[in-house]
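Coordinates in review
These are the residues of each chain, in order.
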Number of protein chains: 2
Amino acid sequence: MSFYELCDDVAGAIQHAVSGLIGKPDAGVMLRIGADGTPTEKIDEAAENAALSVLEKDGRSMRFVSEELGERKIGGKPEFTFVLDPIDGTFNAVNNIPFFCVPIAICGSDLSDIRYGYVRNLVSGDIYTAEKGKGAYLKTPYKTPYLNTGTKGTKIHVSSVSELPGLSVISYSHRPHAVPINNHNVRRVRVFGCAALELCYIASGIFDAFIDMRSMLRVTDIAASKLIVEEAGGKVTDGQGNSLSTPLDVTKRVNMIASNGLVHDKLLELV
Amino acid sequence: MSFYELCDDVAGAIQHAVSGLIGKPDAGVMLRIGADGTPTEKIDEAAENAALSVLEKDGRSMRFVSEELGERKIGGKPEFTFVLDPIDGTFNAVNNIPFFCVPIAICGSDLSDIRYGYVRNLVSGDIYTAEKGKGAYLKTPYKTPYLNTGTKGTKIHVSSVSELPGLSVISYSHRPHAVPINNHNVRRVRVFGCAALELCYIASGIFDAFIDMRSMLRVTDIAASKLIVEEAGGKVTDGQGNSLSTPLDVTKRVNMIASNGLVHDKLLELV
């Protein structure tokens, strides 16, 4: 079973498990504080349990890293680390705001060693994938069938916008006394509340840059999309321009700038 | 035929007309500059033409105000003004970002006289409506059937959050040297790029406030949702706290603050 099939089975199980919980406020009831230090809601737990049950049947040995339970060893000596955010965009999902996804990364020991990335948009069914060294792809199940030119979908690329006034940016960086990105120095600022999917929009060229300087991102939010952006030709660093090599630990928090590469240095100067 | 049926027919015709254009970049090709001073894209024109064709068959006399063509008289002496944004969230629609809608308002002469408001989420099919003095409603076609308790759906209400640190805010107000709302003084900031639908989230209590201080909103973007927010118990003013009585002219641009009412004065102090 390929990494694609394993990720797809897990995402499919999650989609099935949460389908009755979308848009239901009681799906957002807090059960406890999760391993990542934030509340585990009913929908998060349902999603994580669905993933676990697929992985335990898979037969391969792995280290499982997930937002709610933290870390668990499955089987014997781990062949890889399976990094999952069971639902990215829980607030959206619970409130029927159609913007949430499942991001999965197959990794070695830290964020510098991501072998495979998979993000499924749970609303549209779009699937973004990347294998290290082999490019990034978007597979879309319907609506835009002309995009599907192969089993992995269509190869995607970052945008080619190189000047700040033309940028479409996802930005969580607003701070009280410093506004690096705003509606006056770029073309468009959006904040959808689902980092993994927003990063895929950088990879596919719909947006040009993603900035989150709140020190709130977890490895489970960004691992899959980091590889997808890089394999689509983009660049991902921390807020100082350093490459990310954060350990796969859900209690760690990072800042992040992802871009088409062309505007990366200009953004680093701003933040 | 009720206002609901008229609006629903128009929105249905638009949904049908644009269904093949969602997620297709060539649907975003600029055809010309519209009456509102911004580009008319292929998808905007298809939507507006679909609306016109329904209205011309309706038989009632009206003044039709729409983003692309500006203004047109249909029939004889107008009984009302039909205010339409054919697609709110064009950028999202063209890029397959699932967040765009059709807002329609039945008005007298300006924004102080809105008789009926209708907003259809073109992704989920959710329909928000309000009739002056009779409350605001959400009708959702599937997924959350428990919400549908009548033909108009379920009555909706704004939230009851009254303190800034607890606020979930939609904010387009970022300016270079003044950041009234940011991730440090409220709980959550989002920007989805579709004002009419974002305002409905204020009405239904998912978000607590909406702020747009860019002087970019048109009457076509906000007329329907203004009534929906007010009928749900919320408050809508300009950035100085004055009520909005803008003429129904697509070249006019306004600032706007909409909230659950409880936090309105605090937000006015900030901006």
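Above: the structure in question.
Rules used throughout
- Residues numbered from 1 in each chain as written.
- Chains lettered and ligands numbered in written order.
- Predicted model: local features only at pLDDT ≥ 70, side-chain atom pairs only at ≥ 80, totals over all residues.
- Heavy atoms only, no water.
- Helix = DSSP H or I, 4+ residues; strand = E, 2+ residues; numbered from the N terminus.
- Rg over C-alpha atoms; globule rule 2.2 N^0.38 Å.
- Buried < 20%, exposed > 50% of the residue type's maximum accessible area, 1.4 Å probe, protein only.
- Contact = heavy atoms within 4.5 Å.
- Areas by Shrake-Rupley, 256 points an atom, 1.4 Å probe, with all protein chains shown as cover.
- Lys, Arg positive; Asp, Glu negative; His and termini not counted.
- Charge placed at Lys NZ, Arg CZ, Asp CG, Glu CD.
- Axes fitted to C-alpha atoms, helices over the stretch in contact; angles between N-to-C directions.
- Left-handed = near helix turned anticlockwise from the far one by under 90°.
- 1 Å grid on protein atoms, 1.4 Å probe; cavity = no way out; pocket = protein on both sides within 12 Å on 5 of 7 lines; lining within 4 Å.
- Points joined across faces, edges and corners; volume = space filled by probe spheres on them.
- Nonpolar A, V, L, I, M, F, W, Y, C, P; charged D, E, K, R; others polar.
- Expected span 1.5 Å × (residues − 1).
- Pairing = 2+ DSSP bridges.
- Phe/Tyr/Trp six-rings, centres within 6.5 Å; stacked < 30°, edge-to-face > 60°.
- Lys NZ or Arg CZ within 6 Å of the ring centre and 35° of its normal.
- Polar contact = N/O pair within 3.5 Å; in protein donor to acceptor, adjacent residues only side chain to side chain.
- Disulfide = S-S within 2.5 Å.

A tally of regular secondary structure across chain A gives 6 helices and 15 strands. The C-alpha atoms of chain A give a radius of gyration of 18 Å, which matches the 18 Å a tight globule of 271 residues would have. Per-residue burial for chain A yields a buried fraction of 61% across its 271 residues. Contacts in chain A between residues at least 24 apart in sequence constitute 57% of all its contacts with a sequence separation of at least 6. Accessible surface, chain A as shown: approximately 9700 Å² in total, 50% of it carbon and sulfur. Side-chain charges of chain A comprise 28 positive and 32 negative groups, with the mean position of each set lying 2 Å from the other.

It is worth spelling out the packing of helix 1 (residues 3-18) of chain A against helix 2 (residues 42-58) of chain A at this point. All names here are of chain A. Here helix 1 crosses helix 2 at 145 degrees, and the two axes come no closer than 8 Å. Between helix 1 and helix 2 lies a crossing whose hand is right-handed. Across from Leu 6, Asp 9, Val 10, Ala 13, Ile 14, Ala 17 and Val 18 in helix 1, the residues of helix 2 making contact are Ile 43, Ala 46, Ala 47, Ala 50, Ala 51, Val 54, Leu 55 and Asp 58.

Time to look at unusual backbone geometry. Even without being a glycine, A:Asn96 presents a positive backbone phi close to 60 degrees. For A:Asn96, a relative accessible area of 13% puts it in the buried group.

We now examine the layout of surface pockets. One way to see where empty space is left: roll a probe the size of a water molecule over the atoms. Approximately 1000 Å³ is the volume attributed to the second largest pocket. Along the wall of the second largest pocket there are 41 residues; nearest its centre are A:Glu41, A:Phe91, B:Arg187, B:Arg188 and B:Arg190. Of all the elements in the fold, those that place two or more residues in the lining of the second largest pocket are strand 2 (39-41), helix 3 (90-94) and strand 13 (209-217) of chain A together with strand 12 (188-190) of chain B. Along the lines of polarity and charge, the residues of the lining of the second largest pocket split into 14 nonpolar, 12 polar and 15 charged.

Moving on: helix 1 (residues 3-18) of chain B. Since there are 3.6 residues in each turn of an α-helix, residues three or four apart along the chain are aligned in direction. Here helix 1 of chain B spans 23 Å end to end across 16 residues, near enough to the 22 Å set by a 1.5 Å rise per residue. When we look at burial in helix 1 of chain B, the residues that qualify are B:Leu6, B:Cys7, B:Asp8, B:Val10, B:Ala11, B:Ala13, B:Ile14 and B:Val18.

This paragraph deals with the sheet that holds strand 12 (residues 188-190) of chain A. Residues and elements named next belong to chain A. Read from one edge to the other, the open sheet built from 5 strands follows the order 12-11-13-15-14, with strand pairing classed as mixed. Two strands in the sheet have a free side with no partner beyond their single neighbour: strand 12 and strand 14 (235-237). Strand-to-strand twist across the sheet, computed as the mean angle between neighbouring axes with direction ignored, equals 15 degrees. Pairing analysis gives 5 bridges linking strand 13 to strand 15 (residues 254-259), with the strands arranged antiparallel. Bridge assignment links Ala 209 to a residue of strand 15, and that residue is Ser 259. Most of the contacts of helix 4 (residues 195-203) go to strand 13, to which it runs at about 155 degrees, and overall it touches strand 11 (168-171), strand 13 and strand 15.

This part takes up the packing of aromatic side chains. Following the criterion strictly, the structure yields 23 aromatic pairs over all chains and no others. A ring pair is formed by B:Phe192 and B:Tyr201, whose centres lie 6.5 Å apart and whose planes are at 75 degrees; its orientation type is edge-to-face. The residues B:Phe192 and B:Tyr201 share a single accessibility class, namely buried. Chaining the aromatic ring pairs together yields one cluster made of A:Phe91, A:Phe99, A:Phe192, A:Tyr201, A:Phe207, B:Phe91, B:Phe99, B:Phe192, B:Tyr201 and B:Phe207. Residue placement shows A:Arg188 over the ring face of B:Phe91; its charged tip is 3.6 Å from the ring centre.

With that settled, the discussion passes to the side chain of B:Lys226. Residues and elements named next belong to chain B. Summarising the element assignment, Lys 226 is placed in helix 5 (residues 219-231). Classification of Lys 226 by relative accessible area gives buried; the value is 5%. Within polar-contact distance, the side chain of Lys 226 engages the backbone oxygen of Leu 111 at 3.1 Å. When residues no more than four places from it in sequence are discounted, the contact partners of Lys 226 are Leu 111, Ile 114, Val 236 and Leu 244.

Turning our eyes to something else, we now look at the state of the cysteines. All names here are of chain A. Under the defined criterion, the tally for this structure stands at 0 disulfides over all chains. In this structure Cys 101 is a free cysteine whose sulfur lies 3.6 Å from that of Cys 194, the closest cysteine sulfur available. Taking relative accessible area as the criterion, Cys 101 reaches 0% and is therefore assigned buried.

Residues and elements named next belong to chain B. With mixed pairing, the 5 strands of this open sheet are ordered in space as 12-11-13-15-14. One side of each edge strand has no neighbouring strand; the edge strands of this open sheet are strand 12 and strand 14 (235-237). Averaged over all pairs of adjacent strands, the angle between their axes in this sheet comes to 15 degrees, without regard to strand direction. Here strand 11 (residues 168-171) runs beside strand 12; their pairing, made up of 3 bridges, is parallel. By the bridge assignment, Val 169 is partnered in strand 12 with Val 189. Packing of helix 4 (residues 195-203) onto the sheet brings it into contact with strand 11, strand 13 (209-217) and strand 15 (254-259), and relative to strand 13 it is tilted by some 155 degrees.

With that settled, consider helix 2 (residues 42-58) of chain B. All names here are of chain B. Compared with an ideal rise of 1.5 Å per residue, which puts 17 residues at 24 Å, helix 2 spans 25 Å between its outermost C-alpha atoms and is within 8% of the ideal. What helix 2 keeps buried is the set Ile 43, Asp 44, Ala 47, Glu 48, Ala 50, Ala 51, Leu 52 and Leu 55. Taken together, the buried residues of helix 2 touch helix 1, strand 2 (39-41), strand 3 (62-66), strand 4 (70-74), strand 5 (80-84) and helix 3 (90-94). With its phi angle positive at about 100 degrees, Gly 59 sits one or two positions after the end of helix 2.

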